[in-house]
Structures are given as structure tokens and as C-alpha cells.
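Chains, contacts and geometry: an overview
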Amino acid sequence: MSLHPTAPTEYPVDPPGVRLTRDGPYVAVLTLDHPPANALSAPVRAAVGRALDAVEADTAVRALVLTGVGHFSAGGHLGEERRARDDGTSADFLDGVLRLTDRIEELRVPVVAAVTGGAVGGGLELALACDIRVAADDAFFVAAGVNVGLIMSVWRLPRLIGLGPAREMLLTGERCDAATALRTGLVGTVVPARDLLRTACGRAHRIATRAPLAVEATKAAVGRAHDLDADGARALQASHFTRLAGTRDHRDAVRGVLDRRPAVFTRR
């Protein structure tokens, strides 16, 4: 599946629209456009999965921006959840949503969430699975499990913002506005809605200018290191460091510093 820089790749799924485009040579943009609120139905998840396959396979892509039209995502499709409950397959329904968020977290390249509108329930989980979150000033976040008699985000949310703030969101189901999300660390940047995609793509382009093998190793290691003790984390870091020290990219970066010129990274 090609990611041509000027032609969007569209997936004819009914519904929704899931668009994968390029913003320059190294940044891909994945847009959910499934009115009214980008619920993560099975067809949406399948289309996103195909888009992620394309990103994974194209080593020219060094960062991905994930966003939505109108809303980031309202989370799991409640009609599908109701059918799963009636069929006794609720565990399979949850697994389908979590496989998608795990795929985002485990993607080869960093993912920048550009959150507009609501990130609710499974949509919040989708945002949490991204590496960086940029929010529009009118965005909001809801840990909606308790609002609909369910549970979600009890692992990723406390890891990101701490147990106290996470408990407040998880137990009350209240809306968290963009300013509060910035204060708690749920997002790293809040901008006017008109600047959202430009800002998120700017973060992705910054990532894309760094050594790609080092970026990919850092993304892969940082989540694992968080769950290890100090010795385990040091060993993990040393393993990646030793491998990267032998790359052409590292050698050229050092020469670039000495020669006062930008490094040229070739993934070797």
C-alpha cells in the first residue's frame, strides 16, 4: 500500500472514512472521519489497522499524526457493545478495542495525537496510547466507563497523570477540559483549534529530523523501562545504546557536530 506524498490513501469502508495522507516525505497523517463522533466500530478498527500496516511497512515514515474530524473519538461503538453483551462476547468486544490501542502504542514510529472535540471512553484510551498529545483549546477528555456502567483506562491513565488525578477522572466520569488536561500532564500542548493540526504536524516533523533508528529504539524502550527496576532499565538502555553506537547514523551525527553541519540520517 503506497503512501504517495500528494495523494491520500482512502479505504472504502462503509462506514466510515479513514484517510491516510502524507505531510512531507517523513510524516503520515491518519484522520478518522466517521460521523458523528468517530466511534471505534469494527469497520473503523479494521480500516485503522490497514492504515497502520501501511505506516509500519513504509520505512520512509518517521512519525504519525492521529486526529479526527469534529471529534477525536467517542470510543467503543455502543451498539456493538450491546450486541456483544447480549451474545456473551463482551470480553471479545473489549479485546478488539484494546488490540487497536496496543497497536498504536507498539507502532514502529512515534504517534502524535491531535485531539479535537471529545476523546471519550475508548477514545481517551486511544489518545493515551499515543506518544505525544496536542489538544485544541476546546477539546475535552472523559473517562466514561462509570457513566455507562463499564470500566476503561485504569492502567494507562494513572501511569500518565498519577494516581490521584486519574482516580478523580475515573471515578467521577466528569469532563476534563483542555486547560485541566494540560495542568495534569494528560496533554503536553494546548493551542487554538485552528492551529491544532499545524502544531501536531510540527511536533511530528521535529521527531522526523532526529535519528530514526534512535527514535524507534527510544519509543520501544521507554514504555518497557517504566515497568522495570533500575537494573533492568539500565540493561535495556545499554543494549539499545550499544547497537546504536555502531550505526552509520550515529557516526555521521558525531561528525556533523564536529564539522558544524546537520547530520544526514539514512537508517543505517
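You'll find the structure just up there.
Heads up: these notes are all about the structure in this document.

Criteria and thresholds
- Residues numbered from 1 in each chain as written.
- Predicted model: local features only at pLDDT ≥ 70, side-chain atom pairs only at ≥ 80, totals over all residues.
- Heavy atoms only, no water.
- Helix = DSSP H or I, 4+ residues; strand = E, 2+ residues; numbered from the N terminus.
- Rg over C-alpha atoms; globule rule 2.2 N^0.38 Å.
- Buried < 20%, exposed > 50% of the residue type's maximum accessible area, 1.4 Å probe, protein only.
- Contact = heavy atoms within 4.5 Å.
- Areas by Shrake-Rupley, 256 points an atom, 1.4 Å probe, with all protein chains shown as cover.
- Lys, Arg positive; Asp, Glu negative; His and termini not counted.
- Charge placed at Lys NZ, Arg CZ, Asp CG, Glu CD.
- Pairing = 2+ DSSP bridges.
- Core = buried A, V, L, I, M, F, W, Y, C linked by side-chain atoms within 4.5 Å.
- Salt bridge = Lys/Arg side-chain N within 4 Å of Asp/Glu carboxyl O.
- Polar contact = N/O pair within 3.5 Å; in protein donor to acceptor, adjacent residues only side chain to side chain.
- Axes fitted to C-alpha atoms, helices over the stretch in contact; angles between N-to-C directions.
- Parallel < 35°, antiparallel > 145°, perpendicular 65-115°, else oblique.
- Nonpolar A, V, L, I, M, F, W, Y, C, P; charged D, E, K, R; others polar.
- Patch = residues over 30% accessible without salt bridge, like charges linked within 9 Å, V, L, I, M, F, W, Y side chains within 5 Å.
- Disulfide = S-S within 2.5 Å.
- Expected span 1.5 Å × (residues − 1).

Focus on the overall build of the protein chain
Each helix and strand counted, the protein chain has 11 helices and 12 strands in total. Computed over its C-alpha atoms, the radius of gyration of the protein chain comes to 19 Å, within 12% of the 18 Å expected for a compact globule of 268 residues. If you line up the protein chain on its principal axes, its C-alpha atoms span 65 × 45 × 40 Å. Classification of the 268 residues of the protein chain by burial places 47% in the buried group. Sequence separation of 24 or more characterises 68% of the internal contacts of the protein chain that already satisfy a separation of 6 or more. For the protein chain, the computed accessible surface area is about 13,300 Å², with 56% contributed by carbon and sulfur atoms. Looking at charge distribution, the protein chain has the averaged site of its 33 positive side-chain charges lying 8 Å from that of its 31 negative ones.

Focus on the pairing of strand β9 (residues 132-136)
Taking burial as the measure, the five residues of β9 include four buried ones, the bulk of the element. In this sheet, β9 lies alongside strand β7 (residues 111-115) in parallel orientation, the contact comprising four bridges. When the bridges of β9 are listed, Val-112 appears paired with Ile-132.

Topic: the nonpolar core
Leu-30, Leu-64, Val-115, Phe-141, Met-169 and Leu-186 are the most contacted members of the largest nonpolar core, which has 44 residues in total. It is helix α1 (residues 42-57) that contributes the most residues to this core, seven residues altogether. Counting residues in hydrophobic clusters, the runner-up holds 16 residues, among them Val-65, Ala-114, Val-191 and Ile-207.

Let's talk about the side chain of Arg-133
Tracing the chain through its elements places Arg-133 in strand β9. Here Arg-133 sits buried without a salt bridge, and the closest side chain of opposite charge, Asp-131, lies 7.3 Å off (N-O distance). At 3.0 Å, the side chain of Arg-133 and the backbone oxygen of Ala-127 are in polar contact. In terms of polar contacts, Arg-133 uses its side chain to reach the backbone carbonyl oxygen of Cys-130, at 2.7 Å. Here Arg-133 is in contact with Ala-113, Ala-127, Leu-128, Leu-160, Leu-186, Val-187, Gly-188 and Thr-189, once residues within four sequence places are set aside.

Some details on the packing of helix α9 (residues 212-226) against helix α10 (residues 230-245)
The N-to-C vectors of α9 and α10 enclose an angle of 170 degrees; their axes lie 10 Å apart at closest approach. Classified by the angle between their axes, α9 and α10 sit roughly antiparallel to one another. Seen from α9, the contacting residues are Leu-213, Ala-214, Ala-217, Ala-221, Arg-224 and Ala-225; seen from α10, they are Ala-233, Leu-236, His-240, Arg-243 and Leu-244. A per-class count over the contact of α9 with α10 returns eight nonpolar, one polar and two charged.

What about the pattern of salt bridges?
Side-chain pairs of opposite charge can arise where the charged atoms are in close proximity. Applying the stated criterion across every chain yields a total of 17 salt bridges. One salt bridge in this structure joins Glu-216 and Arg-108, with 2.9 Å as the shortest N-O distance. Of this pair, Glu-216 sits in helix α9 while Arg-108 sits in the loop between α3 (90-106) and β7, and the two are 108 residues apart along the sequence. Arg-108 carries the same exposure label as Glu-216, and that label is buried. Two residues, Asp-195 and Arg-198, come together in a salt bridge whose shortest N-O distance is 3.5 Å. Exposure remark for Asp-195: the relative accessible area of 18% places this residue in the buried category. Through salt bridges that share partners, Glu-56, Arg-108, Glu-216 and Arg-267 make up one connected network.

Side note on the sheet that holds strand β10 (residues 140-142)
Overall, mixed pairing links the three strands, which are arranged β8-β10-β11 in an open sheet. The sheet terminates laterally at β8 (118-120) and β11 (176-177), the two strands that pair on one side only. Along the sheet, helix α4 (residues 122-129) makes contact with β8 and β10, crossing β8 at roughly 100 degrees.

Notes on a nonpolar patch on the surface
A surface patch of nonpolar side chains, about 270 Å² in accessible area, is lined by Leu-78, Val-148 and Leu-150. Following the sequence through the fold, Val-148 ends up in the loop between β10 and α5 (156-161).

Here we look at the state of the cysteines
Overall, the coordinates contain zero disulfides when judged by the stated rule. Note on Cys-176: no disulfide assigned, nearest cysteine sulfur contributed by Cys-130 at a separation of 16 Å. Here Cys-201 is not cross-linked by a disulfide; its sulfur's nearest cysteine counterpart is in Cys-130, at 13 Å.

Brief notes about α9
The end-to-end C-alpha distance of α9 is 22 Å, a good match for the 21 Å that 15 residues give at a rise of 1.5 Å each. Buried residues of α9: Pro-212, Leu-213, Val-215, Glu-216, Ala-217, Lys-219 and Ala-221, and no others. In the core, the buried residues of α9 are packed alongside α3, β7, α8 (196-208), α10 and α11 (248-259).

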